[in-house]
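The lines below spell out each chain.
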Amino acid sequence: MTDKNQPFLRALAGETVSPPPIWLMRQAGRYLPEYREVRAGQPDFINFCLNPDAAAEVTLQPIRRYGFDASIVFADILLIPYGLGQKVWFEKGEGPKLEPLALEDIGSLSVERATEVLSPVSETIRKVRAGLPDTCSLIGFAGSPWTVATYMIEGGGSKDRFKARTLAWSQPAAFDALMDLLAEASAHYLKAQADAGANALKLFDSWAEGLPDPLFDRVIIRPTKLIIDRLREMGVDLPVIGFPRGAGPQAIRYARETGVQCLALDHGVDTGWAREAFPKDLVLQGQLDPAVLRAGGAMLDSEIDRLLSAWSGRPYVFNLGHGIHLETPPENVTRLIERVRNFKA
């Protein structure tokens, strides 16, 4: 298998591919009836993610249905705290819940334990790799340290991450130690995914918005660079996609200083600004609003055409600006793929 017959990897290597390769964040998930069928037999979400047969099946479902250019392993960003030894569970209708972590309890978390507990994800990747067509790439991923830490400290999702931000300011040494621990655990987790057959890696910093520059540098840029540097030290040379959602102009420093090969843009980024702000050889990904994919119709066509025209002539991967919404009609995804693939620059 070579990069030459995988459009996604060609784009990540800096080639302008026309039409651009396409995959969608959360492309394996609740909007698909075949996913819901498998999910019904897996009542515990954590165990679902750590069941290689079930996880591989739902990873492959959107590839069979749509023929995306890349597949992303079905897992969750909160597997890292679970692997480290924190109590994590999912409540129906409410989302993830965690037993809140106090910074003085960091010593109870174990990178070695996480590597062992999360080993089924590597087996999922091996199973997926065996089931993918040669033209389809496979992405491994992890949540970035700041985003994962906010869940660990807040005990679940939070609108403003106020408790985590306060601790980052008031106990900087302890908080930075947590960032270092999460970076090390994430690097080992991603290396295992690379060893199992992933072709590229992605870091999701879903809560990167709303941070003043000094904090952004400490909790977003520094830990991301730590992960990438550690991966390179361990011999992993796969391209890394970074997704600092909501970072705005701070994403310029993120792209320049972290070592990512591709920057994923959320749907709130100004396209005209971004075309001028980022180097022409930086691979970009994303930007389509998941809401317009949910809406479908002529407005979807218009937005697809706008983005394809805006990013024509540079390395670009077509994707959403965040995950696909659970109420998205599957036929809208079919329409999206057909329009992207019929695009003429």
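Refer to the structure presented above.
Owing to the predicted nature of the structure, the values given are computational and were not obtained by experimental measurement.

A. Representation of the packing of helix 9 (residues 162-170) against helix 11 (residues 213-233). One way to put it is that helix 9 packs onto helix 11 with a least axis distance of 11 Å and a crossing angle of 95°. What the angle tells us is that helix 9 and helix 11 run roughly perpendicular. Each of Arg-165, Ala-168 and Trp-169 in helix 9 lies in contact with helix 11, whose residues at this interface are Pro-214, Leu-215 and Arg-218. Class assignment of the residues belonging to the contact of helix 9 with helix 11 gives a composition of four nonpolar, no polar and two charged.

B. Highlighting the nonpolar core. If you look at the biggest cluster of nonpolar residues, it comprises 131 residues, and the most contacted ones within it are Phe-8, Phe-175 and Phe-318. For this core, the leading source of residues is helix 10 (residues 172-196), giving twelve residues. Among all residues touching Phe-8, those that are not within four sequence positions of it are Pro-21, Trp-23, Asp-69, Ala-70, Ser-137, Ile-139, Ala-200, Ile-241, Gln-285 and Val-317.

C. Layout of the packing of aromatic side chains. Here the structure, examined in full by the defined rule, presents 13 aromatic pairs. Both rings, one in Trp-311 and one in Tyr-316, keep their centres 5.9 Å apart while their planes meet at 25°; by these two values the pair is stacked. With relative accessibility at 3%, the residue Tyr-316 sits in the buried group. Pairwise contacts between aromatic rings join Tyr-35, Phe-45, Phe-48, Phe-74 and Phe-90 into one cluster. Positioned over the ring face of Trp-89 is Lys-87, at 5.1 Å from the centre of the ring. Sitting over the face of the ring of Phe-243, Lys-202 holds its NZ or CZ atom 5.0 Å from the ring centroid.

D. Representation of the side chain of Gln-287. Examined against the element boundaries, Gln-287 turns out to sit in the loop between strand 8 (283-286) and helix 14 (290-295). For Gln-287, a relative accessible area of 2% corresponds to the buried category. A polar contact is formed between the side chain of Gln-287 and the backbone oxygen of Val-269, at a distance of 2.8 Å. Separated by 3.0 Å, the side chains of Gln-287 and Trp-311 make a polar contact. Those residues within four positions of Gln-287 in sequence are excluded, and the remaining contacts are Leu-265, Asp-266, His-267, Val-269, Asp-270, Thr-271, Leu-307, Trp-311, Asn-319, Leu-320 and Gly-321.

Quick notes on the rules
Residues numbered from 1 in each chain as written. Predicted model: local features only at pLDDT ≥ 70, side-chain atom pairs only at ≥ 80, totals over all residues. Heavy atoms only, no water. Axes fitted to C-alpha atoms, helices over the stretch in contact; angles between N-to-C directions. Helix = DSSP H or I, 4+ residues; strand = E, 2+ residues; numbered from the N terminus. Parallel < 35°, antiparallel > 145°, perpendicular 65-115°, else oblique. Contact = heavy atoms within 4.5 Å. Nonpolar A, V, L, I, M, F, W, Y, C, P; charged D, E, K, R; others polar. Core = buried A, V, L, I, M, F, W, Y, C linked by side-chain atoms within 4.5 Å. Buried < 20%, exposed > 50% of the residue type's maximum accessible area, 1.4 Å probe, protein only. Phe/Tyr/Trp six-rings, centres within 6.5 Å; stacked < 30°, edge-to-face > 60°. Lys NZ or Arg CZ within 6 Å of the ring centre and 35° of its normal. Polar contact = N/O pair within 3.5 Å; in protein donor to acceptor, adjacent residues only side chain to side chain.

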